[in-house]
Amino acid sequence: CSSDLDPESRREIDLPYDFGEPFHQRLYLPQNLHILGTMNSADRSIAIVDVAVRRRFAFLSLWPDLEVVQDHGCPLTRRAFTELISIFVEHAPDEALALAPGHSYFLGKDETQARVNLRTTLAPLLEEYLIQGYVSGFAESIRGYLQRLEAL
């Protein structure tokens, strides 16, 4: 097993300037350093990534995961998740499916906190979708869902 300081286990990068001690013009990166970035394609402000940047990365689309909600949610969040995903699956056109909120909105085992989280994180997101017209084809279903969240 080699250490991160072992010269054979690290990558070296030439820097454009001398930054002084301890690097000067060389930056050493350990082999076990991996940089992961995430982007939600539903975020319109960052949806367009320059092709020169885009071609340097691999992209993987992920769908919200019910199993994660079942393992880390409470009965309330499980129902809320299942209902909202069902609305998107049944009513959303292909281009709107990417707007389905991820499972992180539905985590937490405490039902009292779950109510607060659904009202303060998920509801504003869905309201913004309505205002922007992103879910106009199934706006009534989303409005009904929001009413049920408020009644919790």
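Below is a summary of the structure that appears in this document. Counting restarts for each chain: residues are numbered from 1 in the order of the written sequence. Whole-chain, interface and lining totals are the exception, using all residues; otherwise, since this is a predicted model, local features are given only for residues with pLDDT of at least 70 and side-chain atom pairs are given and counted only at 80 or more. With hydrogens and water set aside, each side-chain value is computed from the structure's full complement of heavy atoms.

## Quick notes on the overall build of the chain
Then, number 1: For helices the rule is a DSSP run of H or I covering at least 4 residues; for strands it is a run of E covering at least 2, with both sets numbered from the N terminus onward. The secondary structure content of the chain amounts to six helices and two strands.
Then, number 2: Secondary structure elements of the chain, listed N to C terminal, follow the sequence β-β-α-α-α-α-α-α.
Then, number 3: Every one of the 152 residues in the chain was classed for burial, and the buried ones make up 24%.
Then, number 4: Counted over contacts in the chain with a minimum sequence separation of 6, partners at least 24 positions apart contribute 51%. Categorising residues by exposure relies on relative accessible area from a 1.4 Å probe, with only protein chains included: less than 20% of the type maximum marks a residue as buried, more than 50% marks it as exposed, and the intermediate range marks it as partly exposed. Note on contacts: a residue pair is in contact if any heavy atoms of the two residues lie within 4.5 Å.

## So, unusual backbone geometry
Then, number 1: In the segment running from E21 into P22, the intervening peptide bond is cis, with an omega of 0°.
Then, number 2: The topology assignment puts P22 in the loop between β1 (10-14) and β2 (26-30).

## Some words on the packing of aromatic side chains
Then, number 1: Aromatic pairs are defined between Phe, Tyr and Trp rings, using the six-membered ring for Trp, whenever the two ring centres lie within 6.5 Å; interplanar angles under 30 degrees are classed as stacked, those over 60 as edge-to-face, and all others as tilted. Summed over all chains, the structure comprises four aromatic pairs.
Then, number 2: A centroid spacing of 5.2 Å and a plane angle of 80° characterise the contact between F81 and F106, whose relative ring orientation is edge-to-face. One end of the pair, F81, is in helix α3 (residues 75-91); the other, F106, is in the loop between α4 (94-97) and α5 (111-132), and 25 residues separate them in sequence.
Then, number 3: Of the residues examined, F81 reaches a relative accessible area of 3% and is grouped as buried.
Then, number 4: Using a relative accessible area of 0% as the deciding quantity, one classes F106 as buried.
Then, number 5: Aromatic pair F88 and F138: ring centres 5.2 Å apart, planes at 75°, arrangement edge-to-face.

## Focus: helix α6 (residues 139-150)
Then, number 1: For α6, built from twelve residues, the straight-helix expectation of 16 Å at 1.5 Å per residue is met to within 8% by its first-to-last C-alpha distance of 16 Å.
Then, number 2: Burial in α6 covers these residues: A139, I142, G144, Y145, L146 and L149.
Then, number 3: Residues of α6 that are buried sit in contact with α3 and α5. Expected span, for any helix, means 1.5 Å times one less than how many residues it has.

## Observations concerning the packing of α3 against α6
Then, number 1: Direction vectors running N to C along α3 and α6 enclose 175°, while the axes themselves pass 11 Å from each other. On the basis of their axis angle, the class for α3 and α6 is roughly antiparallel. When α3 is examined against α6, the residues A80, F81, E83, L84, I87, F88 and H91 are found in contact with a partner set consisting of S141, I142, Y145 and R148.
Then, number 2: Lys, Arg, Asp and Glu make up the charged group, whereas Ala, Val, Leu, Ile, Met, Phe, Trp, Tyr, Cys and Pro make up the nonpolar group; the residues left over, Gly among them, are polar. Along the lines of polarity and charge, the residues of the contact of α3 with α6 split into seven nonpolar, two polar and two charged. Note on geometry: axes are lines fitted to C-alpha atoms, helical ones only across the stretch in contact, with angles between N-to-C directions running from 0 to 180 degrees. Orientation categories follow fixed angle ranges, with anything under 35 degrees roughly parallel, anything over 145 roughly antiparallel, 65 to 115 roughly perpendicular, and all other angles oblique.

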